[in-house]
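As a plain string of letters, each chain reads:
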Amino acid sequence: MSGIQRIALVLTIIGAINWGLIGFFQFDLVASIFGGQDAALSRIIYGLVGIAGLINLGILFKPSPETASEPETKSTR
């Protein structure tokens, strides 16, 4: 996993936690830290989380090394 993918994964986790807080407690952590939903910094964070989600789509469809390099077993009988 590359550095960009790790950063994207962290941002996606932050976004998931924020959505969980909104859903369960009606509390937007990003908005409260960065000055409301309409603040420029909040919108930048929301945008970065969205881009991170798109990057993680590539990870979802990437073949895993375990299945890609698994040799085919042949029986000798």
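Our subject is the structure listed above.
Residues numbered from 1 in each chain as written. Predicted model: local features only at pLDDT ≥ 70, side-chain atom pairs only at ≥ 80, totals over all residues. Heavy atoms only, no water.

Here we look at the overall build of the chain
Thinking step 1. Looking only at helices and strands, one finds four helices and zero strands in the chain.
Thinking step 2. Secondary structure elements of the chain, listed N to C terminal, follow the sequence α-α-α-α.
Thinking step 3. Out of the 77 residues in the chain, the part that is buried amounts to 16%.
Thinking step 4. Relative to all contacts within the chain whose residues are 6 or more apart in sequence, the contacts with residues 24 or more apart total 39%. (Helix = DSSP H or I, 4+ residues; strand = E, 2+ residues; numbered from the N terminus. Buried < 20%, exposed > 50% of the residue type's maximum accessible area, 1.4 Å probe, protein only. Contact = heavy atoms within 4.5 Å.)

Describing the layout of surface pockets
If a probe the size of a water molecule is rolled over the atoms, the empty space left behind becomes visible.
Thinking step 1. The computed volume of the largest pocket comes to approximately 150 Å³.
Thinking step 2. Considering the residues around the largest pocket, the lining is formed by Ile14, Gly15, Asn18, Trp19, Ile22, Asp28, Val30, Gln37, Ile45, Tyr46 and Val49.
Thinking step 3. Secondary-structure elements contributing two or more residues to the lining of the largest pocket are helix 1 (3-25) and helix 3 (40-60).
Thinking step 4. With five residues, the top contributor of residues to the lining of the largest pocket is helix 1.
Thinking step 5. The class makeup of the residues in the lining of the largest pocket is seven nonpolar, three polar and one charged. (1 Å grid on protein atoms, 1.4 Å probe; cavity = no way out; pocket = protein on both sides within 12 Å on 5 of 7 lines; lining within 4 Å. Points joined across faces, edges and corners; volume = space filled by probe spheres on them. Nonpolar A, V, L, I, M, F, W, Y, C, P; charged D, E, K, R; others polar.)

Some details on helix 1
Thinking step 1. When the terminal C-alpha atoms of helix 1 are compared, their 33 Å separation across 23 residues agrees well with the 33 Å that a helix rising 1.5 Å per residue should span.
Thinking step 2. The inward-facing, buried residues of helix 1 abut helix 2 (29-34) and helix 3.
Thinking step 3. Remark: glutamine 26 follows helix 1 within two positions and exhibits a positive phi of approximately 55°. (Expected span 1.5 Å × (residues − 1).)

A short note on the environment of alanine 8
Thinking step 1. Tracing the sequence through the fold places alanine 8 in helix 1.
Thinking step 2. Apart from residues no more than four positions distant in its own chain, alanine 8 is found in contact with Ala52, Ile55 and Asn56.

Digging into the packing of helix 1 against helix 3
Thinking step 1. Helix 3 packs onto helix 1 with a crossing angle of 120° between their chain directions and a minimal axis gap of 8 Å. Relative to helix 3, the element helix 1 is oriented oblique. Crossing hand, helix 1 versus helix 3: left-handed. Of the residues in helix 3, those touching helix 1 at Ile4, Gln5, Ala8, Leu9, Leu11, Thr12, Gly15 and Asn18 are Tyr46, Leu48, Val49, Ala52, Gly53, Ile55, Asn56 and Ile59.
Thinking step 2. Counted by class, the contact of helix 1 with helix 3 contains 10 nonpolar, six polar and no charged residues. (Axes fitted to C-alpha atoms, helices over the stretch in contact; angles between N-to-C directions. Parallel < 35°, antiparallel > 145°, perpendicular 65-115°, else oblique. Left-handed = near helix turned anticlockwise from the far one by under 90°.)

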